[in-house]
Amino acid sequence: MDKELIIILTGAAPIAELRGAIPLALSFGIPPLKAFMLSIAGNLLIIIPVLCLLNPISEKLRHFKLWSRFFDWVFEKTKKKSNLIQKYEALGLCLFVAIPLPMTGAWSGCIAASLFKIRFRYAFLAISMGVILAGIIVLAVCLTGIETFKIFVK
């Protein structure tokens, strides 16, 4: 599998998302702008399917005890971190996704949009903007860390 595809798939993966994809791309020696673009592309790739399919799939799977527990756990975790979304709706959703911390990426943003019934077009735009902002933050932190490391290694 080529490195670009690995970066896109890592960007699309829950938990890792672009927070894992950007540092991985840089470790592969991919130039920063390309690392950013591939990671963003992977993370954006999941938004429409998750927004459209989360509710119908979770409703079907909730008939099974294990899946019901899983969705309850995921939804509860997301709800605990979503005061921002409750207060500011789409703008809050954008900021929630933009904060590059665990459980605040595009996947959690889609779950939060579903939980708080944010209309698709607003949710899609807010999550997409949040992903781009998170990508800028993660890339800046990675590049700063790399430059700082170079200073100490000299």
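Residues numbered from 1 in each chain as written. Predicted model: local features only at pLDDT ≥ 70, side-chain atom pairs only at ≥ 80, totals over all residues. Heavy atoms only, no water.

### A short note on the overall build of the protein
Counting its secondary structure elements, the protein contains 8 helices and 0 strands. Ordered by position from N to C terminus, the α and β elements of the protein give α-α-α-α-α-α-α-α. In terms of overall size, the protein behaves like a compact globule, its C-alpha atoms giving a radius of gyration of 16 Å where 154 residues would be expected to give roughly 15 Å. Overall size of the protein, expressed as C-alpha extent along the three principal axes, is 55 × 35 × 25 Å. Burial analysis of the protein (154 residues in total) assigns 39% to the buried set. Long-range pairs, those at least 24 residues apart, make up 66% of the contacts in the protein between residues at least 6 apart in sequence. Counting only carbon and sulfur atoms, one obtains 72% of the accessible surface of the protein, whose full area is about 9200 Å². For the protein, the distance from the average site of its 17 positive side-chain charges to the average site of its 8 negative ones is 4 Å. (Helix = DSSP H or I, 4+ residues; strand = E, 2+ residues; numbered from the N terminus. Rg over C-alpha atoms; globule rule 2.2 N^0.38 Å. Buried < 20%, exposed > 50% of the residue type's maximum accessible area, 1.4 Å probe, protein only. Contact = heavy atoms within 4.5 Å. Areas by Shrake-Rupley, 256 points an atom, 1.4 Å probe, with all protein chains shown as cover. Lys, Arg positive; Asp, Glu negative; His and termini not counted. Charge placed at Lys NZ, Arg CZ, Asp CG, Glu CD.)

### Structural notes on the nonpolar core
Counting residues in each nonpolar core, the largest one holds 39 residues, and the members touching the most others are Ile22, Ile47, Leu93, Ile127 and Val131. Those elements that provide at least two residues to this core are helix 1 (3-12), helix 2 (17-27), helix 3 (32-45), helix 4 (47-61), helix 5 (65-80), helix 6 (83-98), helix 7 (106-115) and helix 8 (120-153). Once you skip the residues sitting within four places of it in the chain, Ile47 turns out to touch Ala106, Cys110, Phe124, Ile127, Ser128 and Val131. (Core = buried A, V, L, I, M, F, W, Y, C linked by side-chain atoms within 4.5 Å.)

### A closer look at the side chain of Ser114
Looking at the secondary structure, you find Ser114 in helix 7. Under the relative-accessibility criterion, Ser114 is labelled buried at 15%. Apart from residues lying up to four places away in sequence, Ser114 is in contact with Leu54 and Asn55.

### Here's the deal with the confidence of the model for the protein
Confidence in the prediction of the protein, expressed as mean pLDDT, is 92, and 99% of residues score 70 or more. Highest mean pLDDT in the protein belongs to helix 3 (98); lowest belongs to helix 5 (86). (pLDDT = per-residue confidence, 0-100.)

### Section: the packing of aromatic side chains
Under the defined criterion, the tally for this structure stands at 5 aromatic pairs. An angle of 90° between the planes, with centres 5.7 Å apart, marks the rings of Trp67 and Phe70 as edge-to-face. Within this pair, Trp67 and its partner Phe70 are both found in helix 5, separated by 3 residues, close to a single helical turn. (Phe/Tyr/Trp six-rings, centres within 6.5 Å; stacked < 30°, edge-to-face > 60°.)

### Topic: a nonpolar patch on the surface
Side chains of Phe64, Trp67, Phe70 and Trp73 sit close together on the surface and give an oily, nonpolar patch of about 460 Å² of accessible area. In this structure Phe64 comes out as exposed when scored by relative accessible area, which is 51%. (Patch = residues over 30% accessible without salt bridge, like charges linked within 9 Å, V, L, I, M, F, W, Y side chains within 5 Å. Salt bridge = Lys/Arg side-chain N within 4 Å of Asp/Glu carboxyl O.)

### A look at the environment of Ile15
Take Ile15: it is sitting in the loop between helix 1 and helix 2. Classification of Ile15 by relative accessible area gives exposed; the value is 79%. Sequence separation between Ile15 and Lys81 is 66 residues, and the spatial gap between their C-alpha atoms is 15 Å.

### Some points on the packing of helix 1 against helix 2
Where helix 1 meets helix 2, the closest approach of the two axes is 6 Å, and the angle between their N-to-C directions is 155°. The orientation of helix 1 relative to helix 2 falls into the category roughly antiparallel. Contact residues: Ile6, Ile7, Thr10 and Gly11 in helix 1; Glu17, Leu18, Gly20, Ala21, Leu24 and Ala25 in helix 2. Residues of the contact of helix 1 with helix 2, tallied by class, amount to 6 nonpolar, 3 polar and 1 charged. (Axes fitted to C-alpha atoms, helices over the stretch in contact; angles between N-to-C directions. Parallel < 35°, antiparallel > 145°, perpendicular 65-115°, else oblique. Nonpolar A, V, L, I, M, F, W, Y, C, P; charged D, E, K, R; others polar.)

### Some remarks on unusual backbone geometry
Phi is positive for Ile15, which is not a glycine, with a value near 75°. Even without a glycine there, the phi angle at Glu89 is positive, about 50°. Inspection of the secondary structure assignment puts Glu89 in helix 6. Glu89 gets classed as exposed once you look at its relative accessible area, which sits at 54%.

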